[in-house]
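# Close look at the chain arrangement
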Amino acid sequence: MQKNSTRTMTTSVIVKAAFLAALSVILTRFLSVMVTENLRVGIGFVPIILSGLLFGPLVGGIVGFVADMVGVMLVSHGAFHWGFTLSSILTGVIPGLVYLAMLKNDKKNVTAAIIVACVAVALIVHLILDTYWLTQLYKTGAMAMLPMRAVKAAIQTVIAIIVIKVLYKAIERI
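Residues numbered from 1 in each chain as written. Predicted model: local features only at pLDDT ≥ 70, side-chain atom pairs only at ≥ 80, totals over all residues. Heavy atoms only, no water.

### Observations concerning the overall build of the protein chain
Regarding its fold elements, the protein chain presents 6 helices and 2 strands. Taking 16 Å as the expected radius of gyration for a compact globule of 174 residues, we find that the protein chain reaches 15 Å, a close match to that expectation. Referenced to the eigenvectors of the C-alpha coordinate spread, the extents of the protein chain come out at roughly 45 × 30 × 25 Å. A burial count over the protein chain gives 45% of its 174 residues as buried. (Helix = DSSP H or I, 4+ residues; strand = E, 2+ residues; numbered from the N terminus. Rg over C-alpha atoms; globule rule 2.2 N^0.38 Å. Buried < 20%, exposed > 50% of the residue type's maximum accessible area, 1.4 Å probe, protein only.)

Given below as structure tokens:
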């Protein structure tokens, strides 16, 4: 599979991106568990990270945007906030940038790139940005939410690394 971020969007890329966006909506909106009003546990972000790693930051960002917009229209788990849309976009863009930095010329570091991408998304998006957006929505202190969100992010990151590694290898064979 060619992974050049400067290539034009082919029908194949658009179809695969749409599939990953739909999969993200299903995993996030229907197969995630709301533990509290500000803590959802699930792996709906995995297809978005995968799209960034496979197709680059532009397609990853578009998949994140589409998944968030369609998901909000279908099933809303609370108030709409543009910050979460930005978080979803960055969930696809960050892995795409990691791909450009780590894998563009050397395809041997796939595992390292997956780990870096997942950890970067967990830290930047899930811990920092999403916590900030939640403080705006629920008027709760960030430090009150942070310990439980950090545990959730750590567990989800380990699961995401394993799932993405398996899926990436399977998609590479196709």
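Here the narrative resumes.
### So, the packing of helix α1 (residues 11-30) against helix α2 (residues 46-55)
One can describe the packing of α1 onto α2 by two numbers: an axis separation of 8 Å at closest approach and a directional angle of 160 degrees. On the basis of the axis angle, α1 is roughly antiparallel to α2. Between α1 and α2 the crossing geometry is left-handed. Counted together, V13, K16, L20, L23, S24 and L27 of α1 and P47, I48, L50, S51 and F55 of α2 form the full contact between these two elements. Looking at the contact of α1 with α2, its residues break down into 8 nonpolar, 2 polar and 1 charged. (Axes fitted to C-alpha atoms, helices over the stretch in contact; angles between N-to-C directions. Parallel < 35°, antiparallel > 145°, perpendicular 65-115°, else oblique. Left-handed = near helix turned anticlockwise from the far one by under 90°. Contact = heavy atoms within 4.5 Å. Nonpolar A, V, L, I, M, F, W, Y, C, P; charged D, E, K, R; others polar.)

### Focus: helix α4 (residues 82-102)
In an α-helix, one turn spans 3.6 residues, which is why side chains three or four residues apart end up on the same side. Taking 1.5 Å per residue, 21 residues should reach 30 Å; α4 reaches 30 Å between its end C-alpha atoms and fits that length. Helix geometry: α4 is bent most strongly at L90, by close to 25 degrees. Within the sequence span of α4, burial applies to G83, T85, S87, S88, T91, G92, V93, I94, P95, G96, V98 and Y99. Buried residues along α4 sit against α2, α3 (57-74) and α5 (110-138). (Expected span 1.5 Å × (residues − 1). Bend = angle between axes of the 7 residues up to and from the residue.)

### Quick notes on α5
The largest bend in α5 is about 30 degrees, located at D130. Positive backbone phi, approximately 50 degrees, marks K139, located one or two places after α5.

### Considering the nonpolar core
With 33 residues, the main nonpolar core has L53, I114, I164 and Y168 as its most contacted residues. Among the secondary structure elements, those contributing two or more residues to this core are α1, α2, α3, α4, α5 and α6 (142-173). No other element matches α5, which puts 8 residues into this core. (Core = buried A, V, L, I, M, F, W, Y, C linked by side-chain atoms within 4.5 Å.)

### Regarding unusual backbone geometry
Look at K139: it is not a glycine, yet its phi comes out positive at around 50 degrees. Of the residues examined, K139 reaches a relative accessible area of 71% and is grouped as exposed.

### Some points on the pattern of salt bridges
In total, this model carries 1 salt bridge according to the counting rule given. Across the pair D68 and R29 runs a salt bridge, and its minimum N-O distance is 3.7 Å. With D68 in helix α3 and R29 in helix α1, this residue pair connects regions lying 39 residues apart in the sequence. For the pair D68 and R29, one class covers both residues: buried. (Salt bridge = Lys/Arg side-chain N within 4 Å of Asp/Glu carboxyl O.)

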